Amino acid sequence: MISIAKPLIGGEEIDEVVKVLKSGLIAQGPKVAEFEERFAEYVNVEHGVATSSGTTALHLALLAADLKKGDEVITTPFTFAATANSILHVDARPVFVDIEPQTYNLDPQKIEEALTEKTRALMPVHLYGQPADMDAISQIAEDHDLKVIEDAAQAHGAIYHDQMVGSLGDAACFSFYPTKNITTSEGGMITTDSSEIDEEARILRTHGESQRYNHVKLGYNFRMTDIAAAIGLVQLRKLDYFNRKRIENAQYLTDHIKNIKGIKPPYVMKDVRHVFHQYTIRVENGKRDELMKFLGKKGIETAIHYPKAIYQHKIYHDMGFKVKCPEAEKAAEEVLSLPVHPGLDHQDLKDITEAIQEAEGKII
Ligand SMILES: Cc1ncc(COP(=O)(O)O)c(C=O)c1O
């Protein structure tokens, strides 16, 4: 089976984890501090705050940016549930604005009509590793005095007009889940240039403590361990290499399937580095599920990111979300992610594209 995702953990990561285990300092400690520093440097911002997951990074970033009950946060409905859930976790309300059908990212042209007097922030997602249209988004934020929190969970190392993703808003959140471009097993990171957000996030990350056993806020335990950070430090050194492989693999896939009718390969915007967390095609004419099955039989694992718009999930329905985002709903019926991870070899890529070529005329 050619898998859709695969964490690439080598001897170096294992050695570093063993060193941490032997040191006895296995919770948040010096490795977390070093990882925060290195990651912030990589993203080109002042501060990094490591967390237990991408979800807790989003939750903390929203709290630290002072989002609260009754506030509205504009975001995309075409993302992983954690994006919108984090907004609900701080008692704010996600307001879903439709996507741009080529990039699958939040459509800035539709943001203005969703603004109300309660809108406090915009949360774009750099879906599949492609930066959202940040110039337009930042302009709207500036015009209406809104915070921008980037959900960069899928976009480590992506670049938008010469600027690193993660440095384009008030704060950004990354995930290091095993399927991501780099992993720490579970883990997350907030990046920000704001010393207020940094400070607030650090306090809330550890039980609202300003000092040991001095609780000034209602906080959490959202800490990363040194074991996870030790993996992250090694993975970070490999990130550019991993991303180069992803980009090369994506290029190969596109070159070999771009002329197949009924399939649209990913569109890459000008002046961006798309880091292909996912390589997601659009399968037209209602043939997506059939193609998925066909590829599965050939030993090629694929995935649907995502089968529903967020507000179509039961929990959102039950909470009374009554939005309609036709582009997101259409994408949910048509997208299919193919393997693109850096663990693929030339034969794997050949097998994937030949299988799709074989499907042409038969399935699609
Ligand atoms: C867009 C997006 N946001 C948030 C998350 C949450 O990250 P985590 O799984 O590390 O909590 C993920 C990853 O799963 C994601 O893909």
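See the structure shown above.
Residues numbered from 1 in each chain as written. Predicted model: local features only at pLDDT ≥ 70, side-chain atom pairs only at ≥ 80, totals over all residues. Heavy atoms only, no water.

**Student:** I keep staring at the site of the ligand and nothing clicks. Help me out?
**Tutor:** Contacts to the ligand come from 16 residues, most closely from Gly54, Thr55, Asp151, Ser175 and Lys180. Between the ligand and Lys180 there is a distance of 2.9 Å, counted from an oxygen atom to a side-chain nitrogen or oxygen. Contact with the protein chains removes 93% of the 390 Å² of surface that the ligand exposes when unbound. The set of elements that each furnish at least two residues to the shell around the ligand consists of α3 (54-64) and α4 (81-89). For the shell around the ligand, the leading source of residues is α3, giving three residues. Of the residues belonging to the shell around the ligand, the class tally is six nonpolar, eight polar and two charged. (Near = heavy atom within 4 Å. Polar contact = N/O pair within 3.5 Å; in protein donor to acceptor, adjacent residues only side chain to side chain. Areas by Shrake-Rupley, 256 points an atom, 1.4 Å probe, with all protein chains shown as cover. Helix = DSSP H or I, 4+ residues; strand = E, 2+ residues; numbered from the N terminus. Nonpolar A, V, L, I, M, F, W, Y, C, P; charged D, E, K, R; others polar.)

**Student:** How should I be thinking about α4 in this particular structure?
**Tutor:** For an α-helix the count is 3.6 residues per turn, leaving residues at separations of three or four pointing the same way. Of the positions making up α4, those classed as buried are Ala82, Thr83, Ala84, Ser86, Ile87 and Leu88. Next to the buried residues of α4 lie α3, β2 (72-75), β3 (93-96), β4 (119-123), β5 (147-151) and α9 (314-318). Following α4 by one or two positions, Asp91 has its phi on the positive side, about 70°. (Buried < 20%, exposed > 50% of the residue type's maximum accessible area, 1.4 Å probe, protein only. Contact = heavy atoms within 4.5 Å.)

**Student:** Even after reading the chapter, I still don't get the nonpolar core, so can you show me in this structure?
**Tutor:** Counting residues in each nonpolar core, the largest one holds 45 residues, and the members touching the most others are Phe35, Phe39, Ile111 and Phe174. For this core, the elements supplying multiple residues, two or more each, are α2 (30-43), α5 (134-144), β8 (171-175) and α7 (226-257). When sequence neighbours within four positions are dropped, the list of residues in contact with Ile111 reads Ile74, Val97, Leu106, Leu122, Ile137 and Ile140. (Core = buried A, V, L, I, M, F, W, Y, C linked by side-chain atoms within 4.5 Å.)

**Student:** For this particular structure, what's the right way to read the environment of Lys330?
**Tutor:** Mapped onto the fold, Lys330 is located in helix α10 (residues 326-334). The exposure class of Lys330 is partly exposed, given its relative accessible area of 43%. Along the primary structure Lys330 and Gln235 are separated by 95 residues, whereas in three dimensions their C-alpha atoms are 36 Å apart.

**Student:** Got a minute to help me understand the pattern of salt bridges in this structure?
**Tutor:** Close approach of charged atoms lets side chains of opposite charge pair. For the coordinates displayed, the defined rule picks out 27 salt bridges. One salt bridge in this structure joins Lys314 and Asp318, with 2.5 Å as the shortest N-O distance. Of this pair, Lys314 and Asp318 are both found in helix α9, four residues apart, which corresponds to roughly one turn of the helix. Here Lys314 falls in the exposed class, since its relative accessible area comes to 61%. With a shortest N-O distance of 3.5 Å, Lys350 and Glu354 are connected by a salt bridge. Pair noted here: Lys350 and Glu354 are both in helix α11 (residues 346-359), with a separation of four residues, about one helical turn. Residue classification places Glu354 among the partly exposed residues on the basis of a relative accessible area of 38%. (Salt bridge = Lys/Arg side-chain N within 4 Å of Asp/Glu carboxyl O.)

**Student:** Which parts of the structure should I look at to understand the packing of aromatic side chains?
**Tutor:** What characterises a pair of aromatic rings is the spacing of the ring centres plus the angle enclosed by the ring planes. One pass over the structure, following the stated rule, counts 15 aromatic pairs. Plain terms: the ring middles of Phe35 and Phe176 are 5.3 Å apart, the flat faces sit at 50° to each other, and that makes the pair tilted. Taken as a pair, Phe35 in helix α2 and Phe176 in the loop between β8 and β9 (188-192) lie far apart in primary sequence, 141 residues in all. The buried category is assigned to Phe176, whose relative accessible area is 0%. (Phe/Tyr/Trp six-rings, centres within 6.5 Å; stacked < 30°, edge-to-face > 60°.)

**Student:** Even after reading the chapter, I still don't get unusual backbone geometry, so can you show me in this structure?
**Tutor:** Between His305 and Tyr306 the backbone carries a cis peptide bond, its omega angle lying at 15°. Secondary-structure assignment places Tyr306 in the loop between α8 (288-297) and α9. Its identity as a non-glycine residue notwithstanding, Asp91 has a phi of 70°, on the positive side. Its location among the elements puts Asp91 in the loop between α4 and β3. The exposure class assigned to Asp91 is partly exposed, which follows from its relative accessible area of 47%. The backbone of His161 shows a phi angle near 45°, a positive value even though the residue is not glycine. With respect to the secondary-structure elements, His161 resides in the loop between β6 (159-160) and β7 (163-164). With a relative accessible area of 33%, His161 lands in the partly exposed category.

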